[in-house]
Amino acid sequence: MTEQSALLLRKQLAELNKNPVEGFSAGLIDDEDIYQWEVVVIGPQDTLFEGGFFKAHLIFPHDYPLRPPKMKFITEIWHPNVAKNGDVCISILHEPGEDKFGYEKPEERWLPIHTVETIMISVISMLADPNGDSPANVDAAKEWREDPNGEFKRKVARCVRKSQEMAFD
């Protein structure tokens, strides 16, 4: 599977370089390792994240696309579906099959038809519309639910400012 997954990832990277998708850019962390990508998510327009440049790593398993990559924000981000350590928690990045907790339907979880593009579009959508029902960051989810224009908004604005400063370092 390793050769096939490497081929598929090279093809997806070439396609993204040839036809960039609005909202993010993607490349390799190290040109020698097709399984480790760096992406920059541009904060979606008309959201609290607008104007931000959020760097993240996508780490692909060698049996991709049978299993999903892991995604971790390197840039600090305050969001209900991003753990405090940066790990992204969205359905399509969860292992395929039944959810032992019963929150997600199998079709909402990872499917081998997903690509880097579909993952990133889901992440951008997640930034615009958090899922408060199964948060990875309980504190952010509580602030988002109880006071979205207060403490939550202030923390997101600080993260956006920091991301802008880091983008030009």
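Because the structure is predicted, anything quoted here is derived from the model rather than measured. (Residues numbered from 1 in each chain as written. Predicted model: local features only at pLDDT ≥ 70, side-chain atom pairs only at ≥ 80, totals over all residues. Heavy atoms only, no water.)

Student: Would you mind going over the overall build of the protein chain with me for this structure?
Tutor: Along its length, the protein chain carries four helices and four strands. A compact globule built from 169 residues would reach a C-alpha radius of gyration of about 15 Å, and the protein chain, at 16 Å, matches this within 12%. Viewed in the frame of its principal axes, the protein chain has a C-alpha envelope of about 50 × 45 × 25 Å. Within the protein chain, the proportion of its 169 residues that are buried is 40%. (Helix = DSSP H or I, 4+ residues; strand = E, 2+ residues; numbered from the N terminus. Rg over C-alpha atoms; globule rule 2.2 N^0.38 Å. Buried < 20%, exposed > 50% of the residue type's maximum accessible area, 1.4 Å probe, protein only.)

Student: Would you mind going over the UniProt feature "active site" (unreviewed entry) in the protein chain with me for this structure?
Tutor: The UniProt entry lists Cys 89 under the feature "active site" (unreviewed entry), expressed in the numbering used here. Position of Cys 89 among the secondary structure elements: in the loop between strand 4 (70-73) and helix 2 (116-128). Residues within four places of Cys 89 in sequence aside, it is in contact with Asn 81, His 94 and Ala 136. (UniProt positions renumbered as here; feature names shortened; annotations may be inferred. Contact = heavy atoms within 4.5 Å.)

Student: I would appreciate a short explanation of the packing of aromatic side chains in the present structure.
Tutor: We describe a pair of aromatic rings using the distance from one ring centre to the other and the angle between the two ring planes. Summed over all chains, the structure comprises four aromatic pairs. Ring centres 4.9 Å apart and planes at 75° place the aromatic pair Phe 60 and Tyr 64 in the edge-to-face group. Per residue, the accessibility class of Phe 60 equals that of Tyr 64, and both read buried. On the numbers, 6.0 Å between centres and 45° between planes, the contact of Tyr 64 with Trp 110 is tilted. Separated by 46 residues along the polypeptide, Tyr 64 in the loop between strand 3 (53-59) and strand 4 and Trp 110 in the loop between strand 4 and helix 2 bring together distant segments of the chain. What makes Trp 110 buried here is its relative accessible area of 0%. Of the aromatic side chains, those joined through ring pairs into one cluster are Trp 37, Phe 60, Tyr 64 and Trp 110. (Phe/Tyr/Trp six-rings, centres within 6.5 Å; stacked < 30°, edge-to-face > 60°.)

Student: In this structure, what is going on with helix 1 (residues 2-18)? I would like to understand it.
Tutor: An α-helical turn contains 3.6 residues, so a residue and the one three or four places further along point in the same direction. With 17 residues, helix 1 ought to run about 24 Å at 1.5 Å a step, and its terminal C-alpha atoms sit 24 Å apart, in line with that. Taken together, the buried positions of helix 1 are Ser 5, Ala 6, Leu 9, Gln 12, Leu 13 and Leu 16. Burial along helix 1 is one-sided: seen end-on, the buried residues are contained in an arc of 125°. Pointing more than 90 degrees away from the buried face of helix 1 are the exposed residues Glu 3, Gln 4, Leu 7, Lys 11 and Lys 18. Next to the buried residues of helix 1 lie strand 1 (24-28), strand 2 (36-42) and helix 2. (Expected span 1.5 Å × (residues − 1). Arc of directions from axis to C-beta.)

Student: Honestly, the environment of Gln 36 in this entry has me stumped. Any pointers?
Tutor: Looking at where Gln 36 falls in the secondary structure, it is placed in strand 2. On the basis of relative accessibility, which here comes to 31%, the residue Gln 36 falls in the partly exposed class. Considered as a pair, Gln 36 and Pro 68 are 32 residues apart in the sequence and their alpha carbons are 13 Å apart. In this structure Gln 36 touches Leu 28, Ile 29, Asp 30, Leu 58 and Ile 59, once residues within four positions along its chain are discounted. A distance of 3.1 Å separates polar atoms of two side chains, one belonging to Gln 36 and the other to Asp 33. (Polar contact = N/O pair within 3.5 Å; in protein donor to acceptor, adjacent residues only side chain to side chain.)

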